[in-house]
Amino acid sequence: MKPRTKRKIMRVFVLWLPMCVFLAFIGIPLLWALSLSFREGSSVISREFKILPIPFTAENYGYVWNVVNLSRFFKNSLITSLGAVFVVGALSLFNGYALSRFEFKMKRVFMVLLLMTQMVPIIFNISSIFLMMTGLRLTNSLFGIILLHIASGLPYNSLMMKSFISSIPREIDEAAAIDGCNRAQIIALVMLPAVKPGFTTVIAYAFITCWNEYLLSYTLLTDAKKFPISVGLKYLVGEFSTNYAALAAGCIIALIPPILLFAYVQKHLVAGLNAGAVKG
């Protein structure tokens with residue numbers, strides 16, 4: 001067998017076959033949920049296997065959006081996610097610049113402590129968080145959820161921005177300073193455009209993390225009008241019965257913002273990951 005043929009066979013088994021298996025694990029449940037969302041309730045529990053939704057109906061989307069009031073849950077998730085992402089993005093940029101460009105005592109220890117905050121699952125601290133938020137009177141508050149999103153997302157995103165900014169030569173900062181820019185102007189006018197792919201990566205990661213968050217919202221929020229979509233979907237599951245078609249429609253609606261976000265920032269996301277891997 002020729003070496004070129006061997007390389008092609010190895011490429012199929014090492015690269016393409018695992019990718020196809022991985023895609024099947026992700027794609028098949030997604031397509032099945034999409035099919036369920038367009039079915040009538042009676043056809044969902046039918047023993048007859050059907051890939052295509054026959055008969056086809058879009059009533060499930062109207063039901064979960066208007067009757068179940070998923071529109072309110074959707075709005076709450078947008079408020080908490082966008083509010084947290086705005087603050088996390090801005091502070092991560094400044095923190096990353098400080099960690100990259102300045103030297104101070106215990107800097108490495110500080111960075112290790114930041115990283116260690118990501119090693120403790122949130123469920124270990126949920127009791128302490130609940131007591132703290134109760135003492136601050138921020139339970140059952142979207143503002144409290146935003147603060148927790150910021151606190152949990154800031155350490156890791158600051159370290160990510162540090163790696164992106166470290167890939168930019170210091171001479172650019174010095175040239176901007178010679179031209180009369182202060183630190184804030186260097187960060188906003190020079191550094192931000194230079195690390196745009198990396199900054200986009202941070203924004204995308206922060207948004208997805210906030211959008212998918214469940215445990216904190218489920219623990220701290222008691223008013224159903226303030227539930228995010230992750231918690232709101234839980235109440236589509238009944239104690240004795242579940243409308244699977246409506247639940248599938250709600251899940252598809254919840255997937256729309258992350259899918260649109262990744263479709264928009266895909267090129268910047270890949271470039272940002274590559275830039276962050278250059279120098280840390």
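Higher on the page you've got the structure.
All of these numbers come straight from a predicted model, not from anything done at the bench.

1. Focus on the layout of surface pockets
Its boundaries defined by the atoms lining it, the largest pocket holds a volume of some 590 Å³. Elements represented by at least two residues in the lining of the largest pocket include exactly α7 (142–166), α10 (196–212) and α11 (215–220). For the lining of the largest pocket, the element with the highest residue contribution is α7, accounting for eight residues. Residues belonging to the lining of the largest pocket are distributed by class as follows: 15 nonpolar, nine polar and one charged.

2. Re empty space enclosed by the protein
This structure, assessed with the given rule, holds one cavity of 30 Å³ or more. Counted as a void, the largest cavity has a volume near 50 Å³. Considering the residues around the largest cavity, the lining is formed by Thr-80, Leu-142, Ile-145, His-149, Cys-210, Glu-213, Ser-217, Leu-221, Lys-226, Pro-228 and Ser-230. Per-element tally for the lining of the largest cavity: the top contributor is α7, with three residues. Class assignment for the residues of the lining of the largest cavity results in five nonpolar, four polar and two charged.

3. Some thoughts on unusual backbone geometry
The phi dihedral of Met-106 is positive, around 65 degrees, even though this residue is not glycine. By the secondary structure assignment, Met-106 is in the loop between α4 (70–101) and α5 (107–116). Although it is not a glycine, Asn-140 sits at a positive phi angle of roughly 55 degrees. Along the chain, the position of Asn-140 falls in the loop between α6 (126–135) and α7.

4. Some thoughts on the packing of aromatic side chains
The way to describe two aromatic rings as a pair is by their centre distance and the angle between their planes. What the rule picks out here adds up to ten aromatic pairs. A centroid spacing of 4.8 Å and a plane angle of 15 degrees characterise the contact between Phe-38 and Phe-56, whose relative ring orientation is stacked. You can see Phe-38 sitting in the loop between α1 (3–37) and α2 (41–44) and its partner Phe-56 sitting in the loop between α2 and α3 (59–67), a full 18 residues away along the chain. Measuring from ring centre to ring centre gives 6.2 Å for Tyr-97 and Phe-102, while their planes differ by 75 degrees; the resulting arrangement is edge-to-face. Members of the aromatic cluster, joined through ring pairs, are Trp-65, Phe-74, Phe-207 and Trp-211. Lys-234 extends its terminal NZ or CZ atom over the ring of Tyr-235, reaching a point 5.0 Å from the ring centre.

5. What about the packing of α7 against α10?
Two elements in contact, α7 and α10, have axes separated by 10 Å at closest approach and are oriented at 160 degrees. Classified by the interaxial angle, the pair formed by α7 and α10 is roughly antiparallel. Crossing of α7 against α10: the hand is right-handed. Where α7 abuts α10, its residues His-149, Tyr-156, Asn-157, Met-160, Met-161 and Phe-164 lie against Gly-198, Phe-199, Thr-201, Val-202, Tyr-205, Ala-206 and Cys-210. Partitioned by chemical class, the residues of the contact of α7 with α10 number nine nonpolar, four polar and no charged.

6. Digging into the nonpolar core
With 41 residues, the main nonpolar core has Val-64, Leu-70 and Ile-229 as its most contacted residues. Those elements that provide at least two residues to this core are α3, α4, α6, α7, α10, α11, α12 (229–232) and α13 (244–276). Of the residues forming this core, the biggest block, eight residues, is contributed by α13. In this structure Ile-229 touches Leu-70, Phe-73, Phe-74, Ser-77, Trp-211 and Ala-254, once residues within four positions along its chain are discounted.

The rules we used
- Residues numbered from 1 in each chain as written.
- Predicted model: local features only at pLDDT ≥ 70, side-chain atom pairs only at ≥ 80, totals over all residues.
- Heavy atoms only, no water.
- 1 Å grid on protein atoms, 1.4 Å probe; cavity = no way out; pocket = protein on both sides within 12 Å on 5 of 7 lines; lining within 4 Å.
- Points joined across faces, edges and corners; volume = space filled by probe spheres on them.
- Helix = DSSP H or I, 4+ residues; strand = E, 2+ residues; numbered from the N terminus.
- Nonpolar A, V, L, I, M, F, W, Y, C, P; charged D, E, K, R; others polar.
- Phe/Tyr/Trp six-rings, centres within 6.5 Å; stacked < 30°, edge-to-face > 60°.
- Lys NZ or Arg CZ within 6 Å of the ring centre and 35° of its normal.
- Axes fitted to C-alpha atoms, helices over the stretch in contact; angles between N-to-C directions.
- Parallel < 35°, antiparallel > 145°, perpendicular 65-115°, else oblique.
- Left-handed = near helix turned anticlockwise from the far one by under 90°.
- Contact = heavy atoms within 4.5 Å.
- Core = buried A, V, L, I, M, F, W, Y, C linked by side-chain atoms within 4.5 Å.
- Buried < 20%, exposed > 50% of the residue type's maximum accessible area, 1.4 Å probe, protein only.

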